[in-house]
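A structural walkthrough
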Amino acid sequence: PKDSEYFANLLYEYILIKARFREEMIQINQHIGFDNFKQYQDRKDVFLKGTNYYKFIAYLSVHSSTEAGNVKHIEARAGLGESYEKFVKNIRGTEKSINKNYFADIDAEFDAALQKKKTKESPQHYIVQLHKTSQFKNESELQDGKARNAGLRKKIKRTVLAYNQLRKSLAPEKDRVCGIDAVASETGCRPECFGQAYRYLRHYSHPKKNPIVENDSFPKVGFTYHVGEDFLDVVDGLRAIDEAILFLELQQGDRIGHGLALGVDAKRYYETRHHTIVLPKQDMLDNIVWMYIKSQEYGIAMPPNLELFLKRKYFELVSDVYPDSLEKIGNPFVYYQSMLLRSDAPDLYQIKTKEVSVASSFMHFWDKCGLLQNGKVMEARKNKVASLLYYNYQFEEKVKKVGRQSVEVKFPVEYQMVVAELQKQMMRDIAARGISIETNPSSNYNIAQLKRYDNHPITKFFNLGLTYDNAAISECPQISVSINTDDQGLFSTSLENEYAIIAAALIKQKNPDDTPKYTERMVYDWLERIRMMGWEQRFEK
C-alpha cells in the first residue's frame, strides 16, 4: 500500500521513543556503584507516583513472578510506613494491587471476593524495609550535642515499634510480614544505626493472651541485612559485615544481603587502584584499627613492614580526628574498644564531670535494647577512656567535621595479602554461625565491579557439586547461599534468568588449557543444591 512507508516511519519513531523510555527506567548503562542504581530507582517515583500506574508496580513485581506457577514463595521488600495504621493500610493496598486483574473489567464483585480470600493462599510475604541514609544528610547532626544519624534512629524506632504493634494485634495482615531488612547505600550509614532495632525485635516476647482467638499469635521475625555490596575499600566492606554480625546479633537462620566484600579478588581490586584508597579520615582510621585487631584475633601473621605502616597511619589519623584524646589512646586496642560501643544508643551516654556515665536503669524495653549485651562489648563499656571516646565520636562537633575530610593512603602490597586472609577467616566464621548469604547476580554485576558474571564470588561461598576435588571442597567455607532478583523490574530480570545467567557463565568458563572448567551436569547439580538452600532460607516456614 502507498501508506506503508508512512506507517513504517511511525513504527520506527515509536520503537525509538519506547527504547529511550526503557533506558530511563531500566539500568542498562555501564556505570557502576549504588548512586547510579539509585538514580534509576528514584525515577519510578518521578514518573509514576500519584498515577494509577504506581499500583501496577506491585502487580508486575509479584504477580508476574507467580503466574508461571514455578514460584512457591516470595519475600518482597516493602516500605510499610511508620505507624500501625499505615502498615495495615499499605499491606491491604499492596495485596489488592497484586491480586487485581489489570487486564479485565473490574467491578465490586472482585473487591468483595478479594476481602473474603484467605491471606495464606497467596505465596507472597513482606520484609519490612528500613532505608539507610547518610549520617550527615542533615547538617545539624554535625553540631555539638547532636548524635550521628539522630534523625534516622528516630525513624527506625517508629517503624520498628509500628511493626511490633502489628505483631501483637489481631489483624490478619500480621501473618503477611515475616522479616526485616535494611537497604540502600552503605556509604555514611553503618550497621551501628540498626543494632538497637534488631535487638528489640529479636528479644521482645509477647504471651498469647486469648487462646480462643485463632489469630492471637505472635509471629516470629526473620532478620536480613544488606551489607558488603557497595564499598569504597574491601576492608571497609568487611568491617561493615563484621559490625552487622556483632551489633545486629546475626545468628543461625539470619541472612546477609550480597556480602560481595567477602569474595571479591583482593589482589585484582587493589592492583586496579594502584594500592591507593581514598576515604573520609574517620573511616580510614576505623578500618586500619579494625584490620590490625581482627588480624590478631584470627591469628593472621602480619608482615612487619605492614604492621609498622598501619601503626604510623593510626597515630597520624587519630591525632587529626581526636587530638584532645591522643594521650589516652596510644594503644589501638583501646580505640577498638570504643568502636565496639557504637551500637549502643547514644542517648544512654551522658557526660558528667568530664567522665561518661551509662544508663543502668530503664523505663522501657526499647531502652534496654540500647546496650548490646555481649561479653567483649560489656568489657569495653567498663573502660572509661573507651566510653569517653565513643561519646566524642557521637557528639563532638570537631571530631565529626574533621572525620568527614577525605584522606588518600597508598598501602604496601602486603596489605592485599592480609585482606585475602581476612576474607577467608570471615567466610569460615559466617559458615560456622549458620548465617546465609543472598546473592543477586544482575544487581551485583551492575552495582559492583565484577566486569564478568563468572567473577561473582558465589562459587567461593559454596562449591559442592562443582568439583570432586576434596582439597577444593575443604578449602571452601560452604556458606548457605541463595540466588535472588533484588529489584527485578529495575534490572529487567526474573529468578529464572538469574539462575540462567550464572549457569551460562560457569558452563563457558575455561581451564588454562582451554578445556571446560565445569560440565553442564556439575553446574546443574550445584544449582539444584542452591535452589534447595534458598527454600530452606525462607523466613515463613
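Below: a short report on this structure. (Residues numbered from 1 in each chain as written. Predicted model: local features only at pLDDT ≥ 70, side-chain atom pairs only at ≥ 80, totals over all residues. Heavy atoms only, no water.)

1. A word on the overall build of the protein
Put simply, the rule reads: Runs of H or I in DSSP of at least four residues are treated as helices and runs of E of at least two as strands, each being numbered from the N terminus. Think of it in three bands: with a 1.4 Å probe and only protein chains considered, a residue is buried below 20% of the maximum accessible area for its type, exposed above 50%, and partly exposed in between. What makes two residues a contact is simply this: any of their non-hydrogen atoms within 4.5 Å. In this description, accessible areas are obtained by the Shrake-Rupley approach with a 1.4 Å probe, and a residue is regarded as covered only by the protein chains that are shown.
The helix and strand inventory of the protein stands at 22 helices and eleven strands. Every one of the 541 residues in the protein was classed for burial, and the buried ones make up 50%. Long-range pairs, those at least 24 residues apart, make up 77% of the contacts in the protein between residues at least 6 apart in sequence. Of the roughly 27000 Å² of accessible surface on the protein, a fraction of 53% belongs to carbon and sulfur atoms.

2. Notes on the packing of helix H10 (residues 281–298) against helix H11 (residues 304–321)
In plain terms, the rule: To obtain an axis, a line is fitted to C-alpha atoms, over the contacting stretch when the element is a helix, and the angle between two such axes runs from 0 to 180 degrees between their N-to-C directions. In a left-handed crossing the near helix is turned counterclockwise from the far helix by less than a right angle, and in a right-handed crossing that turn is clockwise. Asp, Glu, Lys and Arg are counted as charged, while Ala, Val, Leu, Ile, Met, Phe, Trp, Tyr, Cys and Pro are counted as nonpolar; the rest, among them Gly, fall into the polar class.
One can describe the packing of H10 onto H11 by two numbers: an axis separation of 9 Å at closest approach and a directional angle of 145°. Crossing of H10 against H11: the hand is left-handed. Taken together, the residues of H11 that come into contact with H10 (itself represented by Lys281, Gln282, Met284, Leu285, Ile288, Val289, Met291 and Tyr292) are Glu307, Leu310, Lys311, Lys313, Tyr314, Leu317, Val318, Asp320 and Val321. Here the residues of the contact of H10 with H11 are counted per class, giving eleven nonpolar, one polar and five charged.

3. Observations regarding the pattern of salt bridges
The condition is simple: Each reported salt bridge corresponds to a side-chain nitrogen of Lys or Arg within 4 Å of a carboxyl oxygen of Asp or Glu.
Across all of its chains, the model carries 29 salt bridges by this definition. In this structure, lysine 281 engages aspartate 320 in a salt bridge whose closest nitrogen and oxygen atoms are separated by 3.4 Å. Linking lysine 281 in helix H10 with aspartate 320 in helix H11, this pair joins segments that are 39 residues apart in sequence. Since its relative accessible area comes to 13%, lysine 281 is described here as buried. Here lysine 376 makes a salt bridge to glutamate 297, at a shortest N to O gap of 3.8 Å. Of this pair, lysine 376 sits in helix H14 (residues 375–381) while glutamate 297 is found in helix H10, placing the two residues 79 residues apart along the sequence. Residue lysine 376 is classed as partly exposed on the basis of its relative accessible area of 40%.

4. Digging into the packing of helix H6 (residues 150–168) against helix H7 (residues 195–203)
Our working rule: Throughout this description, any angle smaller than 35 degrees is read as roughly parallel, any larger than 145 degrees as roughly antiparallel, any in the 65 to 115 degree range as roughly perpendicular, and the remainder as oblique.
The contact between H6 and H7 brings their axes to 10 Å, and the two run at 10°. If you check the angle between H6 and H7, you find them roughly parallel. Of the residues in H7, those touching H6 at Ile156, Val160, Leu161, Tyr163, Asn164 and Arg167 are Ala197, Tyr200 and Leu201. Taken together, the residues that form the contact of H6 with H7 break down as seven nonpolar, one polar and one charged.

5. Topic: the side chain of arginine 538
To keep it simple, the criterion reads: In this count, Lys and Arg are taken as positive residues and Asp and Glu as negative ones, while His and the chain termini are left out. Any pair of N or O atoms that falls within 3.5 Å is considered a polar contact. Within protein, one atom must be able to donate a hydrogen and the other to accept it, and sequence-neighbouring residues count only if both atoms are side-chain atoms.
Along the chain, the position of arginine 538 falls in the segment after helix H22 (520–537). Within the buried set, arginine 538 has no salt-bridge partner at all; the shortest N-O distance to an opposite charge, 5.2 Å, is to glutamate 540. Of note is the side chain of arginine 538, whose polar atom sits 2.6 Å from the backbone oxygen of tryptophan 535. Arginine 538 has contacts with His73, Glu75 and Arg255, leaving out every residue within four places of it along the chain.

6. Comments concerning the nonpolar core
Quick reminder of the rule: Grouping buried Ala, Val, Leu, Ile, Met, Phe, Trp, Tyr and Cys residues that are joined through side-chain atoms within 4.5 Å yields what is termed a nonpolar core.
Core analysis: the largest hydrophobic core is formed by 130 residues, its most contacted members being Phe194, Tyr322 and Tyr335. For this core, the element with the highest residue contribution is helix H8 (residues 234–247), accounting for nine residues. Beyond its immediate stretch of four places on either side in the chain, tyrosine 335 contacts Gln282, Leu285, Asp286, Val289, Tyr314, Val318, Tyr322, Ile329, Arg342 and Leu389.

7. Looking at helix H4 (residues 84–99)
Note the cut-off: Take the residue count of a helix, subtract one, and multiply by 1.5 Å to get its expected span.
For H4, spanning 16 residues, the distance from its first C-alpha to its last is 23 Å, which sits close to the expected 22 Å at 1.5 Å a residue. Every buried residue of H4 is accounted for by Phe87, Val88, Ile91, Glu95, Ser97 and Ile98.

8. Here's the deal with the sheet that holds strand E1 (residues 74–78)
Picture the strands of a sheet paired through backbone hydrogen bonds; they go either parallel or antiparallel. Filter applied, for reference: Strand pairing is assigned whenever DSSP detects at least two bridges linking the two strands.
One open sheet holds the seven strands; their spatial order is E1-E2-E3-E4-E5-E10-E11, and the pairing between them is parallel. Both edges of this open sheet fall to E1 and strand E11 (481–483), since each of them pairs with a single strand only. Taking the axes of each pair of neighbouring strands and ignoring which way they run, one obtains an average angle of 25° across the sheet.

9. Considering helix H21 (residues 495–507)
Over its 13 residues, H21 runs 19 Å from end to end, which matches the ideal 18 Å to within 8%, given 1.5 Å per residue. Taken as a whole, H21 has its buried residues at Glu498, Tyr499, Ile501, Ile502, Ala503, Ala505 and Leu506.

10. A short note on the pairing of strand E3 (residues 177–183)
A large share of E3 lies buried, amounting to seven of its seven residues. Summarising the sheet, strand E2 (residues 124–131) and E3 pair through six bridges and their orientation is parallel. Residue pairing across strands places glutamine 129 opposite aspartate 181, the latter belonging to E3. In terms of strand pairing, E3 meets strand E4 (residues 222–227) through two bridges, oriented parallel. When the sheet's bridge partners are listed, glycine 179 is paired in E4 with glycine 222.

11. Let's talk about the packing of aromatic side chains
Condition: Stacked, tilted and edge-to-face are the three classes assigned to paired rings of Phe, Tyr and Trp, where Trp is represented by its six-membered ring and a pair needs centres within 6.5 Å; plane angles under 30 degrees give stacked, over 60 edge-to-face, the rest tilted. Our definition puts a charge over a ring when NZ of Lys or CZ of Arg is within 6 Å of the ring centre and also within 35 degrees of the ring normal.
Counted according to the given criterion, the structure contains 21 aromatic pairs. Consider the rings of tyrosine 200 and tyrosine 204, whose centres lie 5.4 Å apart with planes at 50°: the pair is tilted. Classification of tyrosine 200 by relative accessible area gives buried; the value is 6%. One aromatic cluster is present, formed by Phe231, Tyr269, Tyr270, Phe309, Phe411 and Tyr415 through successive ring pairs. A cation over a ring is seen here: lysine 132 above tyrosine 225, with NZ or CZ 4.4 Å from the ring centre.

None of the figures reported here should be taken as evidence of function without further support.
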